[in-house]
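Report on the structure
Next come the chains, spelled out residue by residue.
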Amino acid sequence: MTEPFDLNHTDRLLTTTRAVRKRLDLNRPVPRELITDCIRIACQAPAGSNLQRWRWVVVDDPTLLAGLAELYRRAYEPYIAMQKTAVDTSGRTGVGAIMDSSDYLSSILHKVPAVVIPCSLGLPVGNQGQVAGFYGSVLPAVWSFMLAARSRGLGTAWTTLHLEYEAQARDLLGIPDTVTQVALTPVAYYTGDAFKPGSRRPAEEITYFNGWKS
Ligand SMILES: Cc1cc2nc3c(=O)[nH]c(=O)nc-3n(C[C@H](O)[C@H](O)[C@H](O)COP(=O)(O)O)c2cc1C
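Within every chain, residues take consecutive numbers counted from 1 along the sequence as written. Confidence filtering applies because this is a predicted model: local features only for residues at pLDDT of at least 70, side-chain atom pairs given and counted only at 80 or more, and all residues used for totals across whole chains, interfaces and linings. To obtain the side-chain values, all non-hydrogen atoms of the structure were used and water was disregarded.

Below, the discussion takes up helix H7 (residues 166–173). For H7, every residue scored as buried is listed here: Ala169, Arg170 and Leu173. Taken around the axis of H7, the buried residues stretch over an arc of 105°, which confines them to a single face. Looking one or two places after H7, you find glycine 174, whose phi comes out positive at around 70°. Burial classes follow relative accessibility: with a 1.4 Å probe on protein chains only, a residue under 20% of its type's maximum area counts as buried, one over 50% as exposed, and anything between as partly exposed. The way it works is that DSSP assigns letters per residue, a run of H or I at least four long becomes a helix, a run of E at least two long becomes a strand, and they are numbered from the N terminus. In this context, the arc is that of the directions from the helix axis out to the C-beta atoms.

Convention adopted: a line fitted to C-alpha atoms gives each axis, helices being fitted over their contacting stretch, and angles between N-to-C directions are expressed from 0 to 180 degrees. At their nearest, the axes of helix H3 (residues 62–90) and helix H4 (residues 96–108) sit 10 Å apart, and the two run at 165° to each other. By the criterion of interaxial angle, the relationship of H3 to H4 is roughly antiparallel. Where H3 crosses over H4, the handedness of that crossing is left-handed. In this structure, H3 contributes Tyr72, Arg73, Tyr76, Ile80, Gln83, Lys84 and Val87 to the contact, and H4 contributes Met99, Ser102, Asp103, Leu105, Ser106 and Ser107. Its residues assigned to classes, the contact of H3 with H4 comprises six nonpolar, four polar and three charged. By definition in this entry, angles of less than 35 degrees are roughly parallel, angles greater than 145 are roughly antiparallel, angles of 65 to 115 are roughly perpendicular, and the rest are oblique. It is the rotation of the near helix from the far one that decides the hand of a crossing: anticlockwise by less than a right angle makes it left-handed, clockwise makes it right-handed. Should any heavy atoms of two residues lie within 4.5 Å, those residues are counted as being in contact. Only Asp, Glu, Lys and Arg are considered charged, only Ala, Val, Leu, Ile, Met, Phe, Trp, Tyr, Cys and Pro nonpolar, and every remaining residue, Gly among them, polar.

Quick look at the packing of helix H1 (residues 7–16) against helix H6 (residues 139–151) now. Between H1 and H6, the least distance of the axes is 10 Å, while the angle of their chain directions is 115°. Along this stretch, H1 crosses H6, giving a crossing that reads as right-handed. Judged by residue contacts, Arg12, Leu13, Leu14 and Thr16 of H1 engage Leu147, Arg150 and Ser151 from H6. For the contact of H1 with H6, the per-class residue count stands at three nonpolar, two polar and two charged.

So, about the site of the ligand. When at least one non-hydrogen atom of a residue lies within 4 Å of a molecule or strand, that residue is treated as near it. Surveying the vicinity of the ligand reveals the residues Arg18, Ala19, Arg21, Tyr72, Ser102, Leu105, Trp158, Thr159, Thr160, Leu161 and Arg200. Two N or O atoms count as a polar contact when they lie within 3.5 Å, although within protein this holds only if one can serve as hydrogen donor and the other as acceptor, and sequence-adjacent residues are included solely when both atoms are side-chain atoms. Within the side chain of arginine 18, a nitrogen or oxygen atom sits 2.9 Å from an oxygen atom of the ligand. The separation between a nitrogen atom of the ligand and a polar side-chain atom of tyrosine 72 is 2.8 Å. Values of accessible area rely on a 1.4 Å probe in the Shrake-Rupley scheme; residue burial ignores everything except the protein chains shown. Considered on its own, the ligand offers 620 Å² of accessible surface; in the complex 65% of this is hidden by protein. Of the residues in the shell around the ligand, the class split is five nonpolar, three polar and three charged.

Here it is as structure tokens:
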């Protein structure tokens, strides 16, 4: 009989895989094989009709990393300026740390050992079901990649801001225009090991049985 999972391990992995920005080790190279291992595991994720239309562009060339980081920064700066104004006027608390960490990522993205851009063949067109099917057939694999990375001591951070300049990123990397980039994550060994569960709404508050709670 297969051993049951050790919930201490699986729950810790699932509840403490955070967006790693400040704790990315910029000085330790990440072997390509390790990234491929994570992708191999990620490809066990579900996909509509098991079509596996995901493709993974791994960038570890410094010139290309600089190009991507420049696109990211170009999108990040106006975005964060708007966010900071919105937070100032709304009085929301607890977002300062995320902004600090996001500023940091934007400033060092060109220095990370590698960046992974998960893609899907095709474009997200059609009705709600088709669009859900399109993204639903690639995004679970992206999260699996991040979990597999974390299990191997690698930090990642889900980002989408460079997609504002997806055409420029496509040109930079030779990605065909029939392919959709869905995210961009830095990949680096993380420093320290004190990852904690993040703050989330209570499950009881957001779970409705037998219909929508009015
Ligand atoms: C769809 C999506 C887009 C995101 N885009 C960015 C981004 O462009 N830049 C960034 O620094 N973080 C980005 N994040 C990371 C979130 O800010 C992060 O997951 C959230 O603050 C929760 O933090 P935690 O993952 O550490 O719990 C994104 C996350 C998701 C799921």
